[in-house]
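Residues per chain, in single letters:
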Amino acid sequence: MSFINKMVKDSLALLLFCLFLFLFLFAEELKNLSFFTRIPSTFFNVNTIFLSIILEAIPFILLGVFVSAIIQSFVSENVIRRVVPCNAYLALIPAALLGIIFPICECAIVPVVHRLIKKGMPSHVGVVFMLSVPILNPVVYASTYFAFKSTPYVANARMLVGFISSIIIGLIIYRRFKGENILKVQKEDHHHHHHQRGNKLLETLYHASDELFNTGKYLFIGAFLASLFQAFLDRNTLLSIGTSTTFAPMAMMGLGYVLSVCSSADAFVASSFGSTFTEGSILAFLVFGPMIDIKNILMLYGYFKKKFVLYLLLVTPLVVYFSVYVYQLIFL
């Protein structure tokens with residue numbers, strides 16, 4: 001019965017994507033039909049934004065699920081234990097710095113971290129890795145540098161605040177969930193696929209496909225909600241508080257959560273607000289968005305326990321806001 005329920009959910013997710021793809025491809029023709037002329041154009045914008053988020057995220061999702069599958073098939077628990085320092089506090093620094101060499105954005109990092117924690121990586125180390133990689137990776141640094149050519153120090157500030165924030169959040173998670181399992185029990189955890197054992201390639205492909213459907217349905221839901229917010233959001237309200245050093249970072253963090261733009265491209269979105277919002281608030285957008293947004297919070301719900309996800313959702317904005325506020329006091 002659980003297998004049937006899973007198939008139904010996966011089919012509905014696929015059907016939703018096909019429906020939006022159809023509307024996207026034939027939007028102009030449909031607008032000319034008498035029935036669709038009564039539908040506000042904003043609803044067609046929802047469709048366009050939804051597909052743009054999905055198409056932007058899919059390559060990174062594929063990268064993430066294949067990395068996750070490779071970890072499952074080829075990386076043993078002993079390797080994880082050897083790589084991660086024994087000291088719980090010292091392990092945070094290399095976990096954050098790994099982002100420098102991993103070109104993975106927030107669209108793909110959740111299944112990778114889930115698999116690493118299942119393999120034996122300490123939960124708080126996995127959280128630091130998950131939060132820092134989408135900010136510190138070289139692709140994101142390059143895109144931020146080019147988006148802020150006139151103020152290139154923004155790219156360095158993003159790396160610095162992202163690094164510090166992820167370390168602080170990791171420490172908090174360690175103190176709160178020390179020795180506690182934060183992973184949600186997956187149905188596939190209860191059985192093994194004996195017919196694929198011994199063939200690492202088939203095992204990797206199986207895990208990748210299973211991970212893709214598990215991650216994809218949450219991505220679709222998150223992208224749909226984000227597209228609704230983007231289409232109907234009154235940005236004039238946000239712009240009215242853009243000059244406040246206290247409230248502007250909050251507003252831009254909220255915008256980062258709602259827009260759910262991939263960290264590989266969010267710097268170009270942020271730079272468009274440069275003439276209206278403070279530099280501190282732009283920095284808050286660039287740091288908080290890759291850590292927590294609508295689509296990846298839903299993916300987190302698919303892999304982690306609700307209590308942990310809610311706690312992370314509470315702690316992350318507080319830490320990022322505090323880090324950005326301190327940065328403003330010192331450097332701006």
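Look up a bit, the structure's there.
Cut-offs and rules
- Residues numbered from 1 in each chain as written.
- Predicted model: local features only at pLDDT ≥ 70, side-chain atom pairs only at ≥ 80, totals over all residues.
- Heavy atoms only, no water.
- Core = buried A, V, L, I, M, F, W, Y, C linked by side-chain atoms within 4.5 Å.
- Buried < 20%, exposed > 50% of the residue type's maximum accessible area, 1.4 Å probe, protein only.
- Contact = heavy atoms within 4.5 Å.
- Phe/Tyr/Trp six-rings, centres within 6.5 Å; stacked < 30°, edge-to-face > 60°.
- Helix = DSSP H or I, 4+ residues; strand = E, 2+ residues; numbered from the N terminus.
- Polar contact = N/O pair within 3.5 Å; in protein donor to acceptor, adjacent residues only side chain to side chain.
- Salt bridge = Lys/Arg side-chain N within 4 Å of Asp/Glu carboxyl O.
- Axes fitted to C-alpha atoms, helices over the stretch in contact; angles between N-to-C directions.
- Parallel < 35°, antiparallel > 145°, perpendicular 65-115°, else oblique.
- Left-handed = near helix turned anticlockwise from the far one by under 90°.
- Nonpolar A, V, L, I, M, F, W, Y, C, P; charged D, E, K, R; others polar.

**Some remarks on the nonpolar core**
- Ile-169, Leu-300, Phe-304, Phe-308 and Leu-312 are the most contacted members of the largest nonpolar core, which totals 65 residues.
- Phe-308 has contacts with Val-127, Ile-173, Phe-177 and Ile-182, leaving out every residue within four places of it along the chain.
- Core analysis: the next-biggest nonpolar cluster, separate from the first, contains 16 residues, Leu-259, Ala-270, Phe-277 and Ile-282 among them.

**Quick look at the packing of aromatic side chains**
- Under the criterion given, the structure shown has 8 aromatic pairs.
- A ring pair is formed by Tyr-141 and Tyr-145, whose centres lie 6.4 Å apart and whose planes are at 25°; its orientation type is stacked. With Tyr-141 and Tyr-145 both in helix H8 (residues 138–147), this residue pair falls 4 residues apart, about one helical turn.
- Residue Tyr-145 is classed as partly exposed on the basis of its relative accessible area, which comes to 38%.

**Considerations on the side chain of Ser-323**
- Looking at where Ser-323 falls in the secondary structure, it is placed in helix H16 (residues 306–331).
- Within the structure, the side chain of Ser-323 is placed 3.1 Å from the side chain of Ser-165, a separation counted as a polar contact.
- With residues up to four places along the chain from it excluded, the contact list for Ser-323 reads Val-161, Ser-165 and Ile-168.

**Points about the pattern of salt bridges**
- What the rule picks out here adds up to 5 salt bridges.
- We note a salt bridge from Glu-106 to Lys-295, for which the minimum N-O separation is 3.3 Å. In this pair, Glu-106 is assigned in helix H6 (residues 106–118) and Lys-295 in helix H15 (residues 294–303), connecting sequence segments 189 residues apart. Comparing Glu-106 with Lys-295, the two get one shared label, buried.
- The shortest N-O distance in the salt bridge between Asp-266 and Arg-158 comes to 2.7 Å. Residue Asp-266 is located in helix H13 (residues 266–271), and its partner Arg-158 is located in helix H9 (residues 153–177); the two are separated by 108 residues in the primary sequence.

**A closer look at the side chain of Ser-260**
- Mapping Ser-260 onto the fold places it in the loop between helix H12 (248–259) and H13.
- Take Ser-260: its relative accessible area is 1%, and that puts it in the buried class.
- Only 3.3 Å separates the side chain of Ser-260 from the backbone nitrogen of Ile-294, close enough to count as a polar contact.
- Apart from the residues within four sequence positions on either side, Ser-260 is in contact with Ile-53, Ala-226, Asp-293, Ile-294 and Lys-295.

**Observations regarding the packing of helix H7 (residues 123–136) against H9**
- Relative to each other, H7 and H9 sit at 165°, their axes nearing to 8 Å. With respect to their mutual orientation, H7 and H9 come out roughly antiparallel. In terms of crossing hand, the pair formed by H7 and H9 is right-handed. Contacts between H7 and H9 involve His-124, Val-127, Val-128, Leu-131, Ser-132, Ile-135 and Leu-136 from the first element and Arg-158, Met-159, Gly-162, Phe-163, Ser-166, Ile-167, Ile-169, Gly-170, Ile-173 and Tyr-174 from the second.
- Here the residues of the contact of H7 with H9 are counted per class, giving 11 nonpolar, 5 polar and 1 charged.

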